[in-house]
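# Examining the three-dimensional arrangement
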Amino acid sequence: MAKSGKVVIHTDPADFEGMRKAGKLAAETLDMITPYVEAGITTEELDKICDDYINAHGGISACKGYHGYPKSVCISLNHVICHGIPSDRKLVNGDILNIDVTTIVDGWYGDTSRMYTVGKLSVKAKKLVDITFETMWRGIEQVKPGNTLGDIGHAMQSFAEKNRCSVVKDFCGHGLGKIFHDAPNVLNYGKPHEGLVLEPGMFFTIEPMVNTGGDELKILADGWTTVTRDMGLSAQFEHSLAVTETGYEIFTNSPKGLDHPPYDLSSFK
């Protein structure tokens, strides 16, 4: 479905329920894949495990075939900012990676991503993951009626930059519902009180990408893989949510509480 170009205000409770189902499956997929993320597995194997799980649980991957994208999820390693294509590359000790899943359930889109870590990390890598997680939450905490998209962006940008990191400006969060990428654009930067005023019933993602170095990027020859130009590390977290009368509702919370690494794998035993 093509981008509508306008911000949709959802007033039907059935719309919220549709988003809860799609978001839950996306979050469950990220929960499920957690114990598989270890040294020696390839990102292509992780992709297949996710795709099989989504299909077996009543959904389909929104990414597969989207504008020609060849895989079911995006897996972005180390200096890859976003849209990393799963391959035969094996995970090794010290890697950080983002797994980005978007499911379609009954026509509704659930979009979420988390960071994963392999073995012992460098101090810089661990700090970046922690900062990026908090950056996302600084943005989410600005979501309430009457605030603006500028409030969200400013909260994220100011926190990341205070911690000597940069936010990516060329990619951003987006509206979604029965369309994958719709209005509004939810920038990772901004000025307080500027931009679209938030209203109950808006659905969108918040998904800051944070770099240890500068915010400049380049897209590789495959047309998808986006890397930091200075080869610094990059990290990202993402939730899908709604503006409610009193604040926000997150559709993609982890059912197992696996929100931030290091992850407790005892729930899988």
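Please refer to the structure higher up on the page.
This structure is a prediction, so every number in the text was calculated from the model and none was measured.

### Points about the overall build of the chain
Each helix and strand in the chain was counted, giving 4 helices and 15 strands. The C-alpha radius of gyration of the chain comes to 17 Å, within 12% of the 18 Å expected for a compact globule of 269 residues. Counting only C-alpha atoms and orienting by the principal axes, one finds that the chain spans roughly 45 × 45 × 40 Å. Scored against the burial criterion, the 269 residues of the chain give a buried share of 56%.

### Comments concerning helix α4 (residues 149-162)
With 14 residues, α4 extends 20 Å between its outermost C-alpha atoms, agreeing within 8% with the 20 Å of an ideal straight helix rising 1.5 Å per residue. Buried within α4 we find L149, G150, D151, I152, G153, A155, M156, Q157, F159 and A160. Considering only its buried residues, α4 is in contact with α3 (123-140), β6 (166-167), β8 (182-186), β9 (203-206) and β10 (209-211). Its side-chain oxygen at 3.2 Å from the backbone nitrogen of G150, T148 defines the N-terminal cap of α4.

### Things to note about the sheet that holds strand β13 (residues 234-236)
An order of β6-β10-β13 is seen for the 3 strands of this open sheet, with the pairing classed as antiparallel. For this open sheet the edge positions go to β6 and β13, each flanked by a neighbour on one side alone. Of the strand pairs in this sheet, β6 and β10 are connected by 2 bridges, and their pairing is antiparallel. Paired with V167 across the bridge in β10 is V210.

### A short note on the packing of helix α1 (residues 13-33) against helix α2 (residues 43-56)
Closest axis-to-axis distance for the α1/α2 pair is 10 Å, and the angle between their directions is 135 degrees. Considered as vectors, α1 and α2 are oriented oblique to each other. Pair α1 / α2 crosses with right-handed handedness. Each of L25, E28, T29, M32 and I33 in α1 lies in contact with α2, whose residues at this interface are L46, I49, C50, Y53 and I54.

### Quick look at the nonpolar core
Among the nonpolar cores identified, the biggest contains 70 residues, and L46, L97, I99, I152, F204 and I206 are the most heavily contacted of them. Non-local contacts of I206, meaning those with residues more than four positions away in its chain, are made with M136, G139, I140, V143, I152, M156, V186, F237, E238, H239 and L241. Core analysis: the second largest hydrophobic core is formed by 6 residues, I81, C82, F171 and M209 among them.

### Details of the sheet that holds strand β12 (residues 226-228)
Across the sheet, which stays open at both edges, the 3 strands sit in the order β3-β12-β11 with antiparallel pairing between neighbours. Strands at the two margins of the open sheet, each flanked by one partner only, are β3 (80-82) and β11 (217-219). Each neighbouring strand pair of the sheet contributes to a mean axis angle of 40 degrees, computed without reference to strand direction. Across 3 bridges, β11 lies against β12 in antiparallel orientation.

Each value, and the rule that gives it
- Residues numbered from 1 in each chain as written.
- Predicted model: local features only at pLDDT ≥ 70, side-chain atom pairs only at ≥ 80, totals over all residues.
- Heavy atoms only, no water.
- Helix = DSSP H or I, 4+ residues; strand = E, 2+ residues; numbered from the N terminus.
- Rg over C-alpha atoms; globule rule 2.2 N^0.38 Å.
- Buried < 20%, exposed > 50% of the residue type's maximum accessible area, 1.4 Å probe, protein only.
- Expected span 1.5 Å × (residues − 1).
- Contact = heavy atoms within 4.5 Å.
- Polar contact = N/O pair within 3.5 Å; in protein donor to acceptor, adjacent residues only side chain to side chain.
- Pairing = 2+ DSSP bridges.
- Axes fitted to C-alpha atoms, helices over the stretch in contact; angles between N-to-C directions.
- Parallel < 35°, antiparallel > 145°, perpendicular 65-115°, else oblique.
- Left-handed = near helix turned anticlockwise from the far one by under 90°.
- Core = buried A, V, L, I, M, F, W, Y, C linked by side-chain atoms within 4.5 Å.

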